[in-house]
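Residue-level structure breakdown
Here is what each chain is made of, one letter per residue.
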Amino acid sequence: MEAPRLAHAVGSPTSPCEEVIKNLSLEAIQLCERDGNKSQDSGIAEMEELPVPHNIKISNITCDSFKISWDMDSKSKDRITHYFIDLNKKENKNSNKFKHKDVPTKLVAKAVPLPMTVRGHWFLSPRTEYTVAVQTASKQVDGDYVVSEWSEIIEFCTADYSKVHLTQLLEKAEVIAGRMLKLSVFYRNQHKEYFDYIREHHGNAMQPSVKDNSGSHGSPISGKLEGIFFSCNTEFNTGKPPQDSPYGRYRFEIAAEKLFNPNTNLYFGDFYCMYTAYHYVILVIAPVGSPGDEFCKQRLPQLNIKDNKFLTCDEEDGVMVYRHAQDVILEVIYTDPVDLSLGTVAEITGHQLMSLSTANAKKDPSCKTCNISVGR
């Protein structure tokens with residue numbers, strides 16, 4: 001059997017791998033290959049006397065770590081020197097059958113008091129379903145192991161990015177945001193049929209909808225936050241919105257102060273790219289005290305509307321002045337309904353550039369500019 005190729009450690013077909021992975025909180029967690037339910041072909045003998053773990057509990061789940069504990073009989077408990085933890089991504093029925101499968105991960109831990117923490121961004125991704133099973137093992141003087149039967153298999157799902165992780169993304173985005181340019185309107189492009197539907201079925205008011213899964217896989221707003229997408233970037237030479245759009249030939253424009261003002265809060269939502277040189281920053285504007293505001297307050301870093309690197313609103317000489325970052329593409333989510341009567345709808349003169357659409361776009365996991373050292 002050929003040993004699996006792993007980025008951080010390579011399992012051996014004849015013995016568990018010896019390289020200690022220091023990033024895990026266990027004293028000696030190592031990556032090894034999985035070789036069936038029992039590992040007799042890997043120099044590991046089976047011994048029924050070792051207790052089989054049962055009643056496995058997973059707790060304190062984050063985007064790249066979890067705590068695990070279990071119960072076991074006291075018989076031969078003092079002979080246990082190690083735990084084998086078999087961790088695998090849960091198979092997705094809709095996954096591409098021709099895509100290379102993820103290599104299963106077996107963690108080998110010295111027997112430490114339970115619960116113990118398993119942490120590692122190279123084998124744990126945020127918002128991902130996993131299966132886990134456990135063996136007890138006793139290392140012999142010749143280096144081989146005697147092991148128990150595998151425990152039952154249980155399932156769990158890792159968490160979204162926390163505010164700490166999002167703050168790391170925020171700081172990376174600030175580095176490339178660039179200088180600030182003035183803006184006067186927010187705009188939203190759609191097809192003519194969209195605006196006709198809004199007028200006929202929603203009393204002229206655009207309604208919030210659930211954000212798609214574009215951007216970082218661990219983003220806490222994907223598939224959860226309800227809002228309306230707007231753009232605000234302007235052309236450098238005209239100071240006006242570009243005439244091209246990937247989302248439709250009809251554009252709703254609304255004065256900036258009607259969506260963004262001292263009665264709204266501003267939050268950082270995400271930072272990503274799609275295998276391109278340019279990057280996107282998602283911001284959320286939520287009226288103070290609204291359901292959207294409460295959702296974001298618990299999950300996202302809040303920005304000072306007068307002083308941040310992406311989108312600002314401040315009074316100058318008695319007039320509200322708005323600015324946006326020049327070197328990133330801003331995607332702004334407004335969390336409340338917006339009536340079409342507050343702005344204008346007109347056809348753009350440019351092209352519909354479908355290749356620039358970010359609908360359900362997947363983030364480039366290899367980009368050093370917009371990724372952090374946790375699951376992508």
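As the structure is a computational prediction, the values presented were derived from the model and not from experiment. (Residues numbered from 1 in each chain as written. Predicted model: local features only at pLDDT ≥ 70, side-chain atom pairs only at ≥ 80, totals over all residues. Heavy atoms only, no water.)

As for the confidence of the model for the protein
For the protein, the average pLDDT comes to 83, and 80% of its residues sit at 70 or higher. Every residue in residues 1-43 scores below 50 in pLDDT, and together they form 103 contacts with partners more than four places removed in sequence or on other chains. (pLDDT = per-residue confidence, 0-100. Contact = heavy atoms within 4.5 Å.)

Some words on the sheet that holds strand E11 (residues 180-183)
Spatially, 3 strands are ordered E11-E21-E20 in an open sheet, and the strand pairing comes out antiparallel. Single-partner strands in this sheet number two, and they are E11 and strand E20 (311-316). The average undirected angle you get between the axes of adjacent strands in this sheet is 35 degrees. (Pairing = 2+ DSSP bridges. Helix = DSSP H or I, 4+ residues; strand = E, 2+ residues; numbered from the N terminus. Axes fitted to C-alpha atoms, helices over the stretch in contact; angles between N-to-C directions.)

Here's the deal with unusual backbone geometry
Leu114 connects to Pro115 through a cis peptide bond whose omega is 0 degrees. Structurally, Pro115 is set in the loop between strand E6 (105-110) and strand E7 (116-119). We note that Asn55 has phi near 55 degrees; this positive angle belongs to a residue other than glycine. Relative to the assigned elements, Asn55 resides in strand E3 (residues 54-59). Here the phi dihedral of Asn60 falls at roughly 50 degrees; this positive angle occurs in a residue that is not glycine. Mapping Asn60 onto the fold places it in the loop between E3 and strand E4 (65-71). For Asn60, a relative accessible area of 53% corresponds to the exposed category. (Buried < 20%, exposed > 50% of the residue type's maximum accessible area, 1.4 Å probe, protein only.)

So, the side chain of Ser69
Secondary-structure assignment places Ser69 in strand E4. Once residues within four sequence positions are removed from consideration, Ser69 is found in contact with Asn55, Ile56, Lys57, Leu114 and Pro115.

A few points about the sheet that holds E7
Within the open sheet, the 3 strands sit side by side as E3-E4-E7. Their pairing is antiparallel. Bordering the open sheet on either side are E3 and E7, each of which pairs with just one other strand. With direction set aside, neighbouring strand axes in the sheet form an average angle of 30 degrees. Taken together, the 4 bridges between E4 and E7 define a ladder with antiparallel strand orientation. By the bridge assignment for E7, Lys67 is matched with Thr117.

Observations concerning the nonpolar core
If you look at the biggest cluster of nonpolar residues, it comprises 59 residues, and the most contacted ones within it are Phe186, Met206, Phe230, Phe268, Phe310 and Leu311. The leading source of residues in this core is strand E18 (residues 280-287), at 7 residues. Counting residues in hydrophobic clusters, the runner-up holds 23 residues, among them Ile85, Ala109, Leu124 and Ile154. (Core = buried A, V, L, I, M, F, W, Y, C linked by side-chain atoms within 4.5 Å.)

Let's talk about the side chain of Ser245
Mapped onto the secondary structure, Ser245 falls in the loop between strand E15 (226-231) and strand E16 (250-255). Assessed through its relative accessible area of 5%, Ser245 is described here as buried. There is a polar contact of 3.1 Å between the side chain of Ser245 and the backbone nitrogen of Tyr247. (Polar contact = N/O pair within 3.5 Å; in protein donor to acceptor, adjacent residues only side chain to side chain.)

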